[in-house]
Amino acid sequence: MRSIRTMALVACALIAGWPALNAQTNGVAAKRPVFGGACPACPWGAMADVVKAAMKPYGIDVQVCYSCAGGPRAVRLVSEGSNATPPQNVTATSLPTPEGKLDFGATSAELLHYAYLGIHDFAKDKEGPRRHLRLLANVQTPNYYMIGVDARSDITDLKQIAERHLPVKLIARGGIDEPINAAVLAYYGLSDEKIKAMGGTTAGNYARGADVDVVIGWAALVGAPEYALWYDAPQQHDFRYLELPADLRAKLARDFYLTEHEAPVALLRGVTRRIPTIARDGTVVYSRADLPDAFAYAVAKALDEQQAQFHWSHMPFSYNPQNVWKLGEVPLHPGAAKYYKERGYMK
């Protein structure tokens, strides 16, 4: 039988409106918020670990869902405050999925744009534009769109594939129907159907030792598994890297919320000059608008004051006070805005 003292403590807790006496209760109120991340080696999983470490000194124990990512899926889960987070790649992470709805999470800057506006990957969602999403912090994370062609070929422009009906073996990192890949190929008069009709083949990933004529997609030399293509293929093949034409760069930057930039020398094996292209430049921490202002403030404060955590990640994260508080058309959470204004980061 419970002692009178124990019963009194329980009664006091209920009267005070505490979430529960169970130390394992998850959620913002219990200082155990649930974060929608990805595998520990993935960019969004790496950001989850940074957030977890940054908030620990303030008594906040972030519970990371390492199986909640999967491109747009992660944003949908955070957007919906879902607690229906069936594990993905659990055997690869060997980490359990925490209980409770997702309170906040990490994704790429452009995906958050797409979700907020209801375009591209989210265009067919019945929910429409997810106007209740809010930015907490935008951390610079550069990677570059690259086109590599077999150095033994005489292809100097991808338009030559359609013009000459060349039966090429093409790999599009992330899939040939991924919106940016599809837009790039369409510019050159190519698509999955057209390439196959000319006797060619397409794939979304590179198998070691496979023949390949053309490789396209996002590139960064980091340990994230989605970039493995760019470790393997350039080591086993000699590639010549092509520039994106100026009009295509401008269109992609405008339509997909990207930036025009140059890929640096030595980004990949065989890159011996700067390559004009488009770049992605942001891994965002975000939430719904209903996240308490005090907690949003705490996230912004922790990531600023604990910037050293970014330095020790395998990802090339860079905290920039001039950029951390803005993301185009996506609104900043008012709690985070309060912190950035106090710091003088926001004009």
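Look up: the structure comes first, before these words.
First things first, this report covers the structure right here in the doc. (Residues numbered from 1 in each chain as written. Predicted model: local features only at pLDDT ≥ 70, side-chain atom pairs only at ≥ 80, totals over all residues. Heavy atoms only, no water.)

**Looking at the overall build of the chain**
For the chain, the helix and strand inventory stands at 13 helices and ten strands. Taken across its 347 residues, the chain has 50% of its residues classed as buried. Nonlocal contacts in the chain, meaning residues at least 24 apart in sequence, comprise 74% of its contacts between residues at least 6 apart. In the form shown here, the chain has an accessible surface area of approximately 16100 Å², with 54% of it arising from carbon and sulfur atoms. (Helix = DSSP H or I, 4+ residues; strand = E, 2+ residues; numbered from the N terminus. Buried < 20%, exposed > 50% of the residue type's maximum accessible area, 1.4 Å probe, protein only. Contact = heavy atoms within 4.5 Å. Areas by Shrake-Rupley, 256 points an atom, 1.4 Å probe, with all protein chains shown as cover.)

**Observations concerning the nonpolar core**
Counting residues in hydrophobic clusters, the biggest one holds 96 residues, and the most contacted among them are F104, L303 and Y340. Of all hydrophobic cores here, the second largest spans 18 residues; its members include M146, I171, A219 and V271. (Core = buried A, V, L, I, M, F, W, Y, C linked by side-chain atoms within 4.5 Å.)

**A look at the pattern of salt bridges**
The final tally for this structure, using the stated rule, is 21 salt bridges. E127 is the partner of R130 in a salt bridge, and the nearest nitrogen-oxygen pair spans 3.4 Å. When its relative accessible area of 2% is taken as the criterion, R130 is described as buried. The salt bridge partner of D238 is R269, with a shortest N-O separation of 2.9 Å. In this pair, D238 sits in the loop between α9 (228–236) and β8 (239–241) while R269 sits in the loop between β9 (259–263) and β10 (275–288), placing the two residues 31 residues apart along the sequence. (Salt bridge = Lys/Arg side-chain N within 4 Å of Asp/Glu carboxyl O.)

**What to know about the packing of helix α11 (residues 293–305) against helix α13 (residues 334–343)**
Packing of α11 against α13 leaves a shortest axis separation of 6 Å and a crossing angle of 45 degrees. Taken together, the axes of α11 and α13 lie oblique to each other. Once α11 is placed against α13, the crossing between them reads as right-handed. Together, D293, A296, Y297, A300, K301, D304 and E305 of α11 and P334, G335, A336, K338, Y339, Y340, E342 and R343 of α13 make up the contact between the two elements. Class assignment for the residues of the contact of α11 with α13 results in seven nonpolar, one polar and seven charged. (Axes fitted to C-alpha atoms, helices over the stretch in contact; angles between N-to-C directions. Parallel < 35°, antiparallel > 145°, perpendicular 65-115°, else oblique. Left-handed = near helix turned anticlockwise from the far one by under 90°. Nonpolar A, V, L, I, M, F, W, Y, C, P; charged D, E, K, R; others polar.)

**Let's talk about the environment of T141**
Checked against the element boundaries, T141 lands in strand β4 (residues 133–150). For T141, a relative accessible area of 4% corresponds to the buried category. Note: C-alpha distance between T141 and T283 (142 residues apart in sequence) is 6.0 Å. Those residues in contact with T141 that lie beyond four places of it in its chain are R280, D281, G282, T283, M315, P316 and F317. Of the polar contacts made by the side chain of T141, one reaches the backbone oxygen of V139; its length is 2.9 Å. (Polar contact = N/O pair within 3.5 Å; in protein donor to acceptor, adjacent residues only side chain to side chain.)

**With respect to the packing of aromatic side chains**
On inspection of all chains with the given rule, the structure shows eleven aromatic pairs. On the basis of an interplanar angle of 85 degrees and a centroid distance of 5.1 Å, the ring pair of Y187 and Y188 is categorised as edge-to-face. An angle of 70 degrees between the planes, with centres 5.8 Å apart, marks the rings of Y339 and Y340 as edge-to-face. Accessibility expressed as a relative area gives 4% for Y339, which makes it buried. Chaining the aromatic ring pairs together yields one cluster made of Y297, Y339, Y340 and Y345. Across the ring face of Y116, the terminal group of R131 is positioned such that the distance to the ring centre comes to 4.9 Å. In this structure, R280 packs its charged tip against the face of W218, placed 5.0 Å from the ring centre. (Phe/Tyr/Trp six-rings, centres within 6.5 Å; stacked < 30°, edge-to-face > 60°. Lys NZ or Arg CZ within 6 Å of the ring centre and 35° of its normal.)

**A short note on helix α3 (residues 72–80)**
Of all the nine residues making up α3, seven are buried; the element is thus mostly covered by neighbouring parts of the structure. Regarding α3, the residues found buried are P72, R73, A74, V75, L77, V78 and S79. Residues of α3 that are buried make contact with α2 (43–55), β3 (104–108), α5 (109–117), β4 and β10. Backbone geometry just downstream of α3 places G81 in the positive-phi region, at approximately 60 degrees.

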